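Here's the letter readout for the chains.
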Amino acid sequence: KGAGGWLHVASAAELHRQWAFVALGASMLHAIASIAAPEGGIPAFAVLVPMLSPTMRGAITMGTLSLWGLAAITATSLRRSFLSPWVWRAVHALAFGAWVLSLAHTLFAGTDLVNPLVRAVVLATAAVLAGATAQRVLVTARA
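Residues numbered from 1 in each chain as written. Predicted model: local features only at pLDDT ≥ 70, side-chain atom pairs only at ≥ 80, totals over all residues. Heavy atoms only, no water.

(A) Region of the structure containing the pattern of salt bridges. Inspection of the entire model under this criterion finds one salt bridge. Of the charged contacts in the structure, one is a salt bridge between Glu14 and Arg17, with a shortest N-O distance of 2.8 Å. Within this pair, Glu14 and its partner Arg17 are both found in helix α2 (residues 9-36), separated by three residues, close to a single helical turn. For Glu14, a relative accessible area of 32% puts it in the partly exposed group. Here Arg17 falls in the partly exposed class, since its relative accessible area comes to 42%. (Salt bridge = Lys/Arg side-chain N within 4 Å of Asp/Glu carboxyl O. Helix = DSSP H or I, 4+ residues; strand = E, 2+ residues; numbered from the N terminus. Buried < 20%, exposed > 50% of the residue type's maximum accessible area, 1.4 Å probe, protein only.)

(B) Quick look at the environment of Val87. Tracing the sequence through the fold places Val87 in helix α5 (residues 85-92). Val87 sits 15 residues away from Ala72 along the chain, and the two C-alpha atoms are 12 Å apart.

(C) Structural detail: the packing of helix α4 (residues 57-78) against α5. Their axes nearest at 9 Å, the elements α4 and α5 cross at an angle of 155°. Judged by the angle between their axes, α4 and α5 are roughly antiparallel. Regarding α4 and α5, the two cross each other, and that crossing is left-handed. Contact residues: α4 offers Ala72, Ile73, Thr76 and Ser77, while α5 offers Trp88, Val91 and His92. (Axes fitted to C-alpha atoms, helices over the stretch in contact; angles between N-to-C directions. Parallel < 35°, antiparallel > 145°, perpendicular 65-115°, else oblique. Left-handed = near helix turned anticlockwise from the far one by under 90°. Contact = heavy atoms within 4.5 Å.)

(D) Spatial organisation of unusual backbone geometry. Positive phi, normally seen in glycine, also occurs at Met51, with a value near 70°. Relative to the assigned elements, Met51 resides in the loop between α3 (44-48) and α4. One non-glycine residue, Met56, adopts positive backbone phi at about 45°. Within the element layout of this structure, Met56 appears in the loop between α3 and α4.

(E) Representation of helix α6 (residues 94-109) within the structure. Its 16 residues place the ends of α6 22 Å apart at the C-alpha level, agreeing with the 22 Å of an ideal helix rising 1.5 Å per residue. Considering only its buried residues, α6 is in contact with α2 and α4. (Expected span 1.5 Å × (residues − 1).)

(F) Structural detail: the confidence of the model for the protein. With 95% of its residues at a pLDDT of at least 70, the protein reaches an overall mean of 85. Confidence, read as mean pLDDT per element, is least for helix α1 (residues 2-5) in the protein (59) and greatest for α4 (90). (pLDDT = per-residue confidence, 0-100.)

(G) Molecular detail of the side chain of Thr64. Relative to the helices and strands, Thr64 is located in helix α4. Residue classification places Thr64 among the buried residues on the basis of a relative accessible area of 2%. Sequence-distant contacts of Thr64, defined by excluding residues within four places in its chain, comprise Ala46, Val47, Leu48, Val49 and Pro50.

(H) Representation of the packing of aromatic side chains. Per the stated rule, a full pass over the model turns up zero aromatic pairs. Positioned above the aromatic ring of Trp88 is the side chain of Arg80, whose terminal nitrogen or guanidinium carbon lies 3.6 Å from the ring centre. (Phe/Tyr/Trp six-rings, centres within 6.5 Å; stacked < 30°, edge-to-face > 60°. Lys NZ or Arg CZ within 6 Å of the ring centre and 35° of its normal.)

Structure (structure tokens):
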């Protein structure tokens, strides 16, 4: 709804769509890099199937489930005109859970968190998404 009037509705929708594709692309690149890194010991099937990673099983599973959630959100968004509104909204609501799982995956499996720049990006992302969630709740409460 245009971020509660802060943005033009069409601009907000386009920005949202573009960043969703960026998130999916970055997640897929991350998964490929994790598989390619020999020191990680994470086989390809463990990126796609929960609970199969021989190392950091729980943390990797959180990333896998987050990736599946993001893929479901993207797929249903691309096919939105073929879905009933309640189905699309229900799947789209997975975004919050997928983000929480992604953040937990980062915190528990992220070996790069010792890097101040990586830590700053993680914290900034958490702050932006927490702020966007709070803004959404406040706009909804006013309606």
